[in-house]
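Letter by letter, the chains look like this.
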Amino acid sequence: MTKFDRGFALRGTLGKGVVLVHGLTGAPGEMKYLARQLHRRGFHVRTPQLAGHGADARALLRTTWRDWLDSVQGAFEALRREVDEVFAAGICVGGALGLALAAERPELAGVAVYSMTFRYDGWNMRRWYSAAAPWLEPIANLPLVRRISFREPYPFGLKDEKLREAAQKAAGGLIEGALERLPLGAMYQMHRLGQHVEQVGARVSQPVLILHAREDDMSDPRNALRLRAALAGPVELRLVEDSYHMLHVDKQRDAVADTTALFFGAAEAGALRRRARPPG
Amino acid sequence: MEATENELLDIIATEAIVERSTLRRDAPLADLGIQSLDVVSVLFEIEERWGVTIDEEDLPLMANLGQVLDYLVARIDAAPA
């Protein structure tokens, strides 16, 4: 744990726990809403901060996806001591890490993956990233090149205008501890993690929920289809309307939380909260 | 329409997942572990509970939690019932 560690936990009553995993360059704070909703449904929640995150690009570049997986594993081990059944849910790289954990730990009961990203090929990334990707990817981890970073373009994965405006205007960023720029070396690690998930997918026999925004600005829904094809166990894939990449905080966040809670075995909730609409 | 400071502190503590007892009026939001995303969540909650729409852009100029609380209470209380 570093002085920048912003991981948190909420104690539940169900005997079930969820490791909530933030995305690449993200921070535990982005999982707060989902954590609250799952906690209200009785789940014990642990939201670790991934290794190398929460400080700066230099710290991030000192880590690999295996270090990030260690962070998730640490939270998983802690939850196993606290509850009877443990699940994992994560956004983008966080979801991929949940799957990597599932391949290694059959006692993990299930995984929810939001906005799986093998490649940044969403409608807002094609103009510049996709054009550069073929020559960029092989050299992304070379010295000097790996430090080059890019800023997530507007609308920042957010369809909700209030959130988008806040993201644009907040001096320290929308999420405490999140990095504003993604270094190519970290993106290289994301690609390696994606390859690993495809390689070990045949060992993932646990139920997997895949949620992906039909209009995802950063990763096309084909990423979700590609993931489904790689997994051996039962997969439930739903395309979510009226949201962009940041499914867990965007306009359908209530529906995403509700679908996840039900998938992990929570009792039916009462009336869904504001703006909720079942995805898919 | 009326809102009390205590009600707002409960909402802030819940939405930001911070200990209610750590919320001091003289502390900047960032020092309390309240991020911009939490502020938007608080505003969503206020809109749902009192039907009052407040733009997040009105808030960053405020230096500490006390100023934010005073502003929110005033806006909610000024709204027609």
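Structure first, text after, so check above.
Cut-offs used in this document
Position labels on residues start from 1 in each chain and follow its written sequence. For naming, the first written chain is A and the first written ligand is 1, with later ones following in the order written. Where local features are concerned, this predicted model is filtered to residues with pLDDT of at least 70; where side-chain atom pairs are given and counted, the filter is 80 or more; whole-chain, interface and lining totals use all residues. Segments assigned H or I by DSSP are reported as helices when at least four residues long, segments assigned E as strands when at least two residues long, and all are numbered from the N terminus. Each radius of gyration is computed over the set of C-alpha atoms, and the globule rule expresses the reference value as 2.2 Å times the number of residues to the power 0.38. Our exposure labels follow a C-beta count within 10 Å of each residue's own C-beta, placed from the backbone: buried means 20 or more other C-beta atoms, exposed means 12 or fewer, and partly exposed covers the counts in between. Placing a C-beta atom from the backbone of each residue, one calls two residues in contact when those atoms lie within 7 Å. A pair of strands is labelled paired if DSSP reports no fewer than 2 bridges between them. Axis lines are fitted through C-alpha atoms, for helices just across the contact stretch, and the angle between N-to-C directions can take any value from 0 to 180 degrees. Here, a nonpolar core denotes buried Ala, Val, Leu, Ile, Met, Phe, Trp, Tyr and Cys residues that are linked to one another through C-beta atoms within 7 Å. Every angle not falling under 35 degrees, over 145, or within 65 to 115 is termed oblique; those three ranges are roughly parallel, roughly antiparallel and roughly perpendicular. We call a crossing left-handed when the near helix sits turned anticlockwise from the far one by less than a right angle, and right-handed when that turn is clockwise. Polarity classes work like this: nonpolar for Ala, Val, Leu, Ile, Met, Phe, Trp, Tyr, Cys and Pro, charged for Asp, Glu, Lys and Arg, and polar for all others, with Gly in that last group. Note: the arc covers the axis-to-C-beta directions of the helix.

Draft legend 1. The overall build of chain A, seen in detail. A tally of regular secondary structure across chain A gives nine helices and nine strands. Relative to the compact-globule value of 19 Å for 280 residues, chain A shows a C-alpha radius of gyration of 17 Å, a close match. Counting across all 280 residues of chain A, residues that qualify as buried make up 53%. Sequence-distant contacts, at least 24 apart, represent 74% of the contacts inside chain A between residues at least 6 apart.

Draft legend 2. Structural context of the sheet that holds strand β5 (residues 110-114) of chain A. Residues and elements named next belong to chain A. With mixed pairing, seven strands are arranged side by side in an open sheet as β1-β3-β2-β4-β5-β8-β9. Of all the strands in the sheet, the pair left with one neighbour each is β1 (8-10) and β9 (235-240). Neighbour-to-neighbour, the strand axes of this sheet turn through a mean angle of 15°, independent of strand direction. In this sheet, strand β8 (residues 208-213) lies alongside β5 in parallel orientation, the contact comprising four bridges. Across the sheet, the residue bridging to Y114 is L211, located in β8. Against the sheet, helix α1 (residues 32-40) engages β1, β2 (16-21) and β3 (44-47), with an angle of about 160° to β3. Those strands touched by helix α4 (residues 93-104) are β2, β4 (85-91) and β5, and its axis lies near 145° from that of β4.

Draft legend 3. Molecular detail of the interface of chain B and chain A. Opposite the 14 residues of chain B that make contact, chain A presents 21 residues. Take the side of chain B that touches chain A: its biggest share by element is seven residues, from helix α2 (residues 36-50) of chain B.

Draft legend 4. Region of the structure containing the nonpolar core. All names here are of chain A. One finds V18, V19, V72 and A88 to be the most contacted residues of the largest nonpolar core, which totals 102 residues. With eight residues, α4 is the largest single contributor of residues to this core. V19 has contacts with R46, V72, A75, F76, L79, V86 and A88, leaving out every residue within four places of it along the chain.

Draft legend 5. Region of interest: the packing of helix α3 (residues 65-82) of chain A against α4(A). Residues and elements named next belong to chain A. In the contact formed by α3 and α4, the axes pass within 10 Å of each other and the chain directions differ by 65°. Judged by the angle between their axes, α3 and α4 are roughly perpendicular. The hand of the α3/α4 crossing is right-handed. Across the interface between the two elements, W68, L69, V72, Q73 and F76 of α3 pack against L97, G98, A100 and L101 of α4. Residues belonging to the contact of α3 with α4 are distributed by class as follows: seven nonpolar, two polar and no charged.

Draft legend 6. Spatial organisation of helix α6 (residues 161-169) of chain A. Burial in α6(A) covers these residues: A:L163, A:A166 and A:A167. Across the axial projection of α6(A), the buried residues extend over an arc of 100°, all falling on one side. Across α6(A) from its buried face, at more than 90 degrees, point the exposed residues A:E161 and A:K169. The secondary structure elements touched by the buried residues of α6(A) are α2 of chain B.

Draft legend 7. A look at the packing of helix α1 (residues 5-16) of chain B against α2(B). Residues and elements named next belong to chain B. For the pair α1 and α2, the least separation of the axes is 9 Å and the interaxial angle reads 130°. Classified by the interaxial angle, the pair formed by α1 and α2 is oblique. In this structure, α1 crosses over α2, and the sense of that crossing is right-handed. Between α1 and α2, the residues in contact are I11, I12, E15 and A16 and D38, S41, V42 and E45, respectively.

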